[in-house]
Protein chains: 4
Amino acid sequence: MATAGAGDDPGFGTTKETTRLEAFSDGVFAISITLLALEVRVPDSGGPLRRALLEMWPTYVAYLLSFLTILVLWLNHHALLLWVHRMRGKVLVANGMLLMLIALVPFAATLVGRYLGTADARYAVATYAGLFLAINLAFLWVWRLVVTVRHRIAPNLPSAEARSIDRWLVGGILGYAVAVGAALLHAWAGLAVAIAMVAFWLWNAYRRHHVAEHEGEGGGSAGRAVKGEA
Amino acid sequence: MATAGAGDDPGFGTTKETTRLEAFSDGVFAISITLLALEVRVPDSGGPLRRALLEMWPTYVAYLLSFLTILVLWLNHHALLLWVHRMRGKVLVANGMLLMLIALVPFAATLVGRYLGTADARYAVATYAGLFLAINLAFLWVWRLVVTVRHRIAPNLPSAEARSIDRWLVGGILGYAVAVGAALLHAWAGLAVAIAMVAFWLWNAYRRHHVAEHEGEGGGSAGRAVKGEA
Amino acid sequence: MATAGAGDDPGFGTTKETTRLEAFSDGVFAISITLLALEVRVPDSGGPLRRALLEMWPTYVAYLLSFLTILVLWLNHHALLLWVHRMRGKVLVANGMLLMLIALVPFAATLVGRYLGTADARYAVATYAGLFLAINLAFLWVWRLVVTVRHRIAPNLPSAEARSIDRWLVGGILGYAVAVGAALLHAWAGLAVAIAMVAFWLWNAYRRHHVAEHEGEGGGSAGRAVKGEA
Amino acid sequence: MATAGAGDDPGFGTTKETTRLEAFSDGVFAISITLLALEVRVPDSGGPLRRALLEMWPTYVAYLLSFLTILVLWLNHHALLLWVHRMRGKVLVANGMLLMLIALVPFAATLVGRYLGTADARYAVATYAGLFLAINLAFLWVWRLVVTVRHRIAPNLPSAEARSIDRWLVGGILGYAVAVGAALLHAWAGLAVAIAMVAFWLWNAYRRHHVAEHEGEGGGSAGRAVKGEA
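Residues numbered from 1 in each chain as written. Chains lettered and ligands numbered in written order. Predicted model: local features only at pLDDT ≥ 70, side-chain atom pairs only at ≥ 80, totals over all residues. Heavy atoms only, no water.

Draft legend 1. Region of the structure containing the overall build of chain A. From N to C terminus, chain A includes ten helices and zero strands. In chain A, which comprises 230 residues, the share counted as buried stands at 63%. In chain A, 74% of the contacts between residues at least 6 apart in sequence involve partners at least 24 apart. Here chain A displays about 8400 Å² of accessible surface, and carbon together with sulfur accounts for 65% of that area. (Helix = DSSP H or I, 4+ residues; strand = E, 2+ residues; numbered from the N terminus. Buried < 20%, exposed > 50% of the residue type's maximum accessible area, 1.4 Å probe, protein only. Contact = heavy atoms within 4.5 Å. Areas by Shrake-Rupley, 256 points an atom, 1.4 Å probe, with all protein chains shown as cover.)

Draft legend 2. The arrangement of the environment of D:Leu92 in detail. All names here are of chain D. Inspection of the secondary structure assignment puts Leu92 in helix H4 (residues 89–102). The class of Leu92 is buried, set by a relative accessible area of 5%. With 71 residues separating them in the primary sequence, Leu92 and Leu21 have C-alpha atoms 7.6 Å apart.

Draft legend 3. Spatial organisation of helix H3 (residues 57–81) of chain D. For H3(D), built from 25 residues, the straight-helix expectation of 36 Å at 1.5 Å per residue is met to within 8% by its first-to-last C-alpha distance of 36 Å. For H3(D), the tally of buried residues reaches 21 of 25 residues, placing the bulk of the element in the interior. (Expected span 1.5 Å × (residues − 1).)

Draft legend 4. Region of interest: the packing of helix H3 (residues 57–82) of chain C against helix H8 (residues 159–185) of chain C. All names here are of chain C. Where H3 contacts H8, the two axes come as close as 11 Å, and the packing angle between them is 150 degrees. The orientation of H3 with respect to H8, classified from their angle, is roughly antiparallel. Between H3 and H8 the crossing geometry is left-handed. Note on element contacts: H8 touches H3 through Glu161, Ile165, Trp168 and Tyr176, opposite Thr69, Val72, Leu73, Asn76, Ala79 and Leu80. Here the contact of H3 with H8 is built from residues that sort into seven nonpolar, two polar and one charged. (Axes fitted to C-alpha atoms, helices over the stretch in contact; angles between N-to-C directions. Parallel < 35°, antiparallel > 145°, perpendicular 65-115°, else oblique. Left-handed = near helix turned anticlockwise from the far one by under 90°. Nonpolar A, V, L, I, M, F, W, Y, C, P; charged D, E, K, R; others polar.)

Draft legend 5. Representation of the packing of helix H4 (residues 89–102) of chain A against H3(C) within the structure. For the pair H4(A) and H3(C), the least separation of the axes is 10 Å and the interaxial angle reads 140 degrees. Comparing the axis directions of H4(A) and H3(C) gives the class oblique. H4(A) and H3(C) meet at a crossing whose hand is right-handed. Touching A:Leu92, A:Val93, A:Gly96, A:Met97, A:Leu99 and A:Met100 of H4(A) are C:Tyr63, C:Leu64, C:Phe67, C:Leu68, C:Leu71, C:Trp74 and C:Leu75, all from H3(C). Within the contact of H4(A) with H3(C), the residues separate by chemical class into twelve nonpolar, one polar and no charged.

Draft legend 6. Here's a closer look at the packing of aromatic side chains. One pass over the structure, following the stated rule, counts 40 aromatic pairs over all chains. A ring pair is formed by B:Trp203 and B:Tyr206, whose centres lie 6.4 Å apart and whose planes are at 15 degrees; its orientation type is stacked. Here B:Trp203 pairs with B:Tyr206, and both are found in helix H9 (residues 187–207), just three residues apart, close to one helical turn. Since its relative accessible area comes to 18%, B:Tyr206 is described here as buried. Taken together through their ring pairs, the aromatic side chains of A:Tyr128, A:Phe132, A:Phe139, A:Trp168, A:Tyr176 and A:Trp201 make up a single cluster. (Phe/Tyr/Trp six-rings, centres within 6.5 Å; stacked < 30°, edge-to-face > 60°.)

Draft legend 7. Structural context of the confidence of the model for chain A. Residue and element names in this part refer to chain A. Mean pLDDT over chain A: 80, with 82% of residues reaching 70 or higher. Looking across chain A, the model is least confident in helix H10 (residues 222–225), with a mean pLDDT of 34, and most confident in helix H6 (residues 121–148), with 94. Here residues 1–16 scores under 50 on pLDDT; set against residues more than four positions off or in separate chains, the count is 36 contacts. pLDDT under 50 marks residues 210–230. Its contacts with residues more than four places away, or in other chains, come to 41 contacts. Here the predicted complex carries an ipTM of 0.80, next to a pTM of 0.83. (pLDDT = per-residue confidence, 0-100.)

Draft legend 8. Quick peek at the pattern of salt bridges. All names here are of chain A. Within this structure, the stated rule accounts for eight salt bridges over all chains. With a shortest N-O distance of 2.6 Å, Asp166 and Arg144 are connected by a salt bridge. Of the two residues, Asp166 sits in helix H8 (residues 159–185) while Arg144 sits in helix H6, which places them 22 residues apart along the sequence. Owing to a relative accessible area of 23%, Asp166 belongs among the partly exposed residues under this scheme. (Salt bridge = Lys/Arg side-chain N within 4 Å of Asp/Glu carboxyl O.)

Draft legend 9. Region of the structure containing a nonpolar patch on the surface. All names here are of chain A. Judged by side-chain polarity, Trp57, Tyr60, Trp188 and Ile195 come together as a nonpolar surface patch covering roughly 370 Å² of accessible area. Mapped by element, the contributors of at least two residues to the nonpolar patch are helix H3 (57–82) and helix H9 (187–207). In this structure, Tyr60 sits in helix H3. (Patch = residues over 30% accessible without salt bridge, like charges linked within 9 Å, V, L, I, M, F, W, Y side chains within 5 Å.)

Draft legend 10. Region of interest: the environment of A:Ile102. All names here are of chain A. Secondary-structure assignment places Ile102 in helix H4. Considering only alpha carbons, one finds Ile102 and Ile135, 33 residues apart in sequence, at a separation of 6.8 Å. For Ile102, the residues in contact, after removing those within four places along its chain, are Phe29, Ser32, Leu73 and Ile135.

Draft legend 11. Examining the environment of A:Asp166 more closely. C-alpha of A:Asp166 to C-alpha of A:Tyr115: the two residues are 51 residues apart in sequence and 34 Å apart in space. Excluding residues within four positions of it along the chain, A:Asp166 makes contact with A:Trp143 and A:Arg144.

Draft legend 12. A look at the side chain of C:Asn95. All names here are of chain C. Among the secondary structure elements, Asn95 is positioned in helix H4 (residues 89–102). Using a relative accessible area of 2% as the deciding quantity, one classes Asn95 as buried. At a separation of 3.0 Å, a polar atom in the side chain of Asn95 contacts the side chain of Ser25. Not counting chain neighbours up to four residues away, the residues in contact with Asn95 comprise Leu21, Ser25, His77 and Val142. (Polar contact = N/O pair within 3.5 Å; in protein donor to acceptor, adjacent residues only side chain to side chain.)

Have a look at this one:
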């Protein structure tokens, strides 16, 4: 792999390209996930602090749900890029679009935290679910670009792993489409769908990468090594 | 170590996984610790600047204490992951929960900076200490997941180091439980417990990793090399 | 390459220097691009949420355009540094100036988002285009410093790649000069120029690094391998 | 170097420790430097945009000066850690204190931007210069801890480089002490001292790391290779 070819190859070339893409993506993920907390703040209501802390519960719901959803997205972005050794302009651009949508999650989370419990809650949750629908579509775009040239840029990607990411993305797209529709009927219905999906994904992520007990150190195929995959 | 096994292994595999987990965690730590400073700001009081700078002392206390506490958490997170060479889904998820709580520290610090010296100070400090109680519980969860499979993912972790982190975490949980109780009686009592713990930890961190004088370059075991460990 | 020379060389020397410059630059790029989203927020208008979300369309335009422009800048910064193996004080300082201007993009984007559709729109867009004119001039400065000593710090940089970056930068400078002038005549004229440039660059980036079909794995020159370059 | 010793050594040990310290420090530097730009914003004055953009010139002065000063600090932090291969608890803690002060720079810059041209300008600039005085003292502390055990953790650090950093730090401490005093007499006098120092440092940084013309690729000592050092 990564055998530097002709004299005008940038030396430690493609490895370095992937590294910096990951660093940049990690930066956007880490900043977006941390900026979510900026919206958790006590309103200057003038009332006693204890009650103010209790009454801002929609903010906690929005924070918890958004943080865990970005965490799942990061875990899967991480899993995807783990197999990619070389880079393409197409993938860089598509990944940029994905990050552009992820950076908007604090905005959507603020909407939910501010409007949950009000008459506008339906539109707030529908916007929130719609953003994650767009994020999953962008993720599928990145993923399809990688898979199309996988024999060139991700030659070691096991088919089982590829199918697993496929399933996760298609499930996300369908789930958030349902969530948008449900939210327009009733805010909490849309939120329940979004919460159920994140809970399911976290449970799956928690069980993943569990190396089989009978395996030796560093041995075995990554494909076989992964247990508990959906 | 890290000997890439079968053909469908992601090449520089598990090392890369740990690297990116650290980069993401470092991002959240660095952003949370820097966002603390956003709360240090002069109120638009209209009075002279010199007095305004002096009267905002609770903000300085909250900044100093919170920054140093996150610093200690980062130092220990750093020490823990230093020994982990391979990754598990469980650890990634638990670490995400830990980061979710750490990202809330600026919120809790703002509460202390705004309410210290008011009638609501007790609830502000209790919330602050309660958040760090939850953070230490989450850290223990991450740590227990690592220790359970340490022969697979952290085979070189010395028992002395493991026991040291155990002691630190259990001490933190007990200490912050006491701090919550003390804060509900009197704000400054709770704050004093939190300050004492951070001072103790910093002092310990300052003395740690002190390579013994008689040791040769790069030689000796890390276990023996560390002096001044509690 | 990177053969550590005499005894007082910092070991893994110059490689490490480039790595940290990239990490720092990536940090500023990632934070600036993510902070753009902080300006996407619903005004406390009191009206219904659905209308408020529609009426803030200038904010969406500013966000989309600014995010994609910073993305293009990052892609090119990435492409430039990929070839640089050693570092110079000059390059570090000039790169710092570049980052100083990039960190101001959220400010300029806020101007556009707030004043588009008002009488002050012309000055807002002219400021926005003027900032990107300055950014392209700073980028050209960094680039010229690298090219001047390319046989020392970027010996593998192919001439085709060097000319491509030259063309991109000179095009950017001319384009944004036109955009400033157009904006002073009519806000949307200036904006149209800026949008056209980003669309053109993204299209080019999307096609770049496209390894030729007939090429073997890791073989071929990077120069020949790149198709679709302007 | 970095030859992993006994069985309970964390493998790629100390190298990794330095890497993560740098990543964390870079994060705090990059976030602080980017957050400076958050303070560059048009006040809701209601007047025409063109005049508002001109009248906020103190904000530009504060941004320019603060960004360039943090840039110089980062360049020197970078130069210092380039030579450090192993880590100490002492250095980690002292570095944390340094970062705690650097994260406050946006606060001090806001003071200057808001109060320059008002009756309170003297205290604003004195606070600003005082913060950089404290930063240089903390930097000297980190540096002294490194130098004390340099034969263990930075064996390749050339004496010329060590003396150069010494001079820079002592100069910074004296300079900012003068700046605090000057600021209390007249705001612009203090600011002039701060501007002069940053201009001098940037000029020096610009000339540094300039490899001698007669040198071969990768050859020569870093000590001899650096020209233009003060």
